[in-house]
Amino acid sequence: MPIICTFAYIVVGFISFAIWPVIQQGIFSIGRVVTGSGDIGIFIFGFMERILIPFGLHHIWYIPFWQTGLGGSAMIDGTMVSGAQNIFFAELVSPNTTRFSIDAAKFMTGKYSFMMGGLPGAALAMYHCAKPNKKKIVGGLLLSAALTSFLTGITEPIEFTFLFVAPFVFVVHCIFAGISFALMRILDIAIGTTFSCGLIDFTLYGILPGSSKTHWVRLLPIFVIYFVLYYFFFKFVIQKWNLKTPGREDDDEDTKLYTKDDYNTMRDSRKQGAVAEDTVSQAIIDGLGGLDNFGDVTCCATRLRMRVNNMDLVNEAALKRTGAMGVIKKGSGIQVVYGPTVSVIKSNLTEYIEKIKEHGMEASFAQEKPGRNIDLNVLNLSEDSINENYESLEAINQIIAPYKGKIYDIENISDKIFNTKVLGDGFAIEIEGDEIIAPTDGTVVNVYTTEHAFIIQDKFGHNILIHVGLGTSGLNGEGIKLFKKIGDTVKKGEKIGTLDRNAITKAGISLVSPVTFLNVDKAKYGIKVEKAGNVEAGEETVIFITKK
């Protein structure tokens, strides 16, 4: 590997030698726009310096201004000095300096107002908006972050926290930063810095050289203005859009400030799809309160948008675990913030919902009789796992085959919803008979309107989904007839329905029919086929349950 890398980077070196002049010229072109556009140019510089922070590219932006002729050149004590920071420090040690160059300092001074005034104001706003029972915890965190920003100019904990919660707030912060840089130039305030603009650098390079050289006194009212501006802006947006800033998260979530590593981890996990597609989509559905709790899904550049029927069913913590940076509620509308990858998430989600509907797993299963619709979410029936004991596990072992045909382990069928066990572990039979048999004693708790899927609950509370074929919802009931309705009891081995295999196969629909246990804990137990090959309807000992 080292040898390969050696030769590879020789090639990279030649390529870089050829293309770097073009890149360098591009940087200088942008620099000329900044340096040649007066106050607008320095606003652009300040805005870009902040907006590139999440990507780690801000150093590439400001270093050429600080260290090369892009930031200006000046003759100081007979020596030509290039770069804004180099000019400032040359003037700092020169006995002939009576006034620091604003043309150099304008690339540095703009950060003081928001690092020493603005972000501490934002921290205070987040503290005042925190829940009373969390103020003690969040107060210590925010005080530490505010002092860090004020004293040293290190802003990461605060900035990356609202990057998590609401990226649009970070964009506004970047605009405020650009305005600050422009204000420093307008007010002729010239204070340099080593790397960041806190009280330490303010004292060393603003106060100690004297106000006649730096005009540092003019910055004091700007500190107050930025503190007040950030405080009221943050307080307004937090309360207006119910942002989950530290201290406002759900009680089951940790109270914390976020770092760059946290942000990068979240961004990378969204890019790489850290959780399988179906799992993410299902988790979003669960977080929104189930399929029958929300309508059509749309998206803008960064957010999923939909209307919900019952806002109380929305679980913000669950949505954030899918990679959401924030959840915004307004009336019956909800927006889930994911960032630029939202279009992929939306596409996956809508495809997943269509797949569920294709196989008859819509949220609302209903009885045929009008006026007695039962609003149960079949997906939610898989959430609360049964506390198993010997008798309940043995009941699963005694399940009989509901159809005649060839039996398979559920993971060996082609359907993605079932073979990934989204709707529970179980088995499937490719039907070769015409009867549907009750696999156990129990009660019918759900029947789909086209009768191609139904759920039986046994005396232990197991919710057993029997799904006739794959894609049979499109038949609108043709070829399948159930003799039972919701609330009816069934006996093990009882004939509860019939099917017309010819009608189903002529429609091009598979007769592979899953039987799954919606609320058996998949993390603890697995369902395995006991007998490979063909089984008869009503045949016993066809599956067994294993403990993982």
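Above: the structure in question.
It should be emphasised that the depicted structure is a prediction, and the values quoted were computed from it without experimental measurement. Here the residue index of a chain counts from 1 through its sequence in written order. At least 70 in pLDDT is required for a residue's local features to be given in this predicted model, at least 80 for side-chain atom pairs to be given and counted, and no such filter applies to totals for whole chains, interfaces and linings, which use all residues. Water and hydrogen atoms play no part in the side-chain values, which are based on all heavy atoms of the structure.

1. Points about the sheet that holds strand S15 (residues 480-482)
So, step 1. Strands were regarded as paired on the criterion that DSSP finds at least two bridges between them. Each helix is a run of DSSP H or I of at least 4 residues and each strand a run of E of at least 2, with the numbering of both proceeding from the N terminus. Here three strands make up an open sheet; going across it, the order is S11-S17-S15 and the pairing antiparallel. With partners counted over all chains shown, the strands left at the sheet margins are strand S11 (435-437) and S15, one partner each. Each neighbouring strand pair of the sheet contributes to a mean axis angle of 20°, computed without reference to strand direction. For helices, the fitted line uses only the C-alpha atoms of the stretch in contact; every axis is such a line through C-alpha atoms, and the angle between N-to-C directions lies from 0 to 180 degrees.

2. Considerations on the packing of aromatic side chains
So, step 1. Pairing of aromatic rings covers Phe, Tyr and Trp, the last counted by its six-membered ring, and requires centre-to-centre distances within 6.5 Å; plane angles under 30 degrees mean stacked, over 60 mean edge-to-face, and any other angle means tilted. Applying the stated rule across the entire model yields 23 aromatic pairs.
So, step 2. Members of the aromatic cluster, each reached through a chain of ring pairs, are Phe45, Trp61, Phe65, Phe107 and Phe181.
So, step 3. Taking NZ or CZ as reference, Lys111 lies 5.4 Å from the ring centre of Tyr62, over its face.
So, step 4. Above the face of the Tyr127 ring, Lys135 is positioned so that its terminal group lies 5.4 Å from the ring centre. In this analysis the charged atom, NZ for Lys or CZ for Arg, is taken to sit over a ring once it is within 6 Å of the ring centre and within 35 degrees of the ring normal.

3. Quick word on the side chain of His462
So, step 1. With respect to the helices and strands, the residue His462 is situated in the loop between strand S13 (453-457) and strand S14 (463-467).
So, step 2. A distance of 3.0 Å separates the side chain of His462 from the side chain of Glu388, its partner in a polar contact.
So, step 3. At 2.8 Å, the side chain of His462 forms a polar contact with the side chain of Asp458.
So, step 4. Other than its neighbours up to four places away in sequence, His462 contacts Ile386, Glu388, Ser392, Ile396, Ile456, Gln457, Asn519 and Val520. We call two N or O atoms a polar contact when they sit within 3.5 Å, provided that within protein one can donate a hydrogen and the other can accept it, with sequence-adjacent residues counted only if both atoms are side-chain atoms. For this analysis, residues touch if any pair of their heavy atoms sits within 4.5 Å.

4. Structural notes on the packing of helix H6 (residues 111-129) against helix H7 (residues 135-152)
So, step 1. As a packed pair, H6 and H7 sit with axes 9 Å apart at the nearest point and diverge in direction by 175°. For the element pair H6 / H7, the angle class is roughly antiparallel. Mapping the contact onto sequence places Met115, Met116, Leu119, Pro120, Ala123, Met126, Tyr127 and His128 in H6 and Lys135, Val138, Gly139, Leu142, Ala146, Ser149 and Phe150 in H7.
So, step 2. In this count, Pro and Cys sit with the nonpolar residues alongside Ala, Val, Leu, Ile, Met, Phe, Trp and Tyr, while Asp, Glu, Lys and Arg are called charged and the others, Gly among them, polar. Of the residues contributing to the contact of H6 with H7, the split by class is 11 nonpolar, three polar and one charged. Each angle is binned into one of four classes, with values under 35 degrees roughly parallel, values over 145 roughly antiparallel, values of 65 to 115 roughly perpendicular, and all other values oblique.

5. A word on helix H17 (residues 390-397)
So, step 1. The rule is simple: take the accessible area with a 1.4 Å probe, protein chains only, and divide by the maximum for that residue type; under 20% is buried, over 50% is exposed, in between is partly exposed. Regarding H17, the residues found buried are Ser392, Ala395 and Ile396. Projection of H17 onto a plane perpendicular to its axis shows the buried side chains occupying an angular sector of 100°, all on one side. Opposite the packed face of H17, turned more than 90 degrees from it, sit the exposed residues Tyr390 and Glu391.
So, step 2. Lining the buried residues of H17 we find strand S18 (512-517), strand S19 (525-529) and strand S21 (543-547).
So, step 3. The backbone nitrogen of Glu391 has a side-chain oxygen 3.0 Å away, supplied by the residue at the start of H17, namely Asn389. Arc, as used here, means the arc of the directions from the helix axis to the C-beta atoms.

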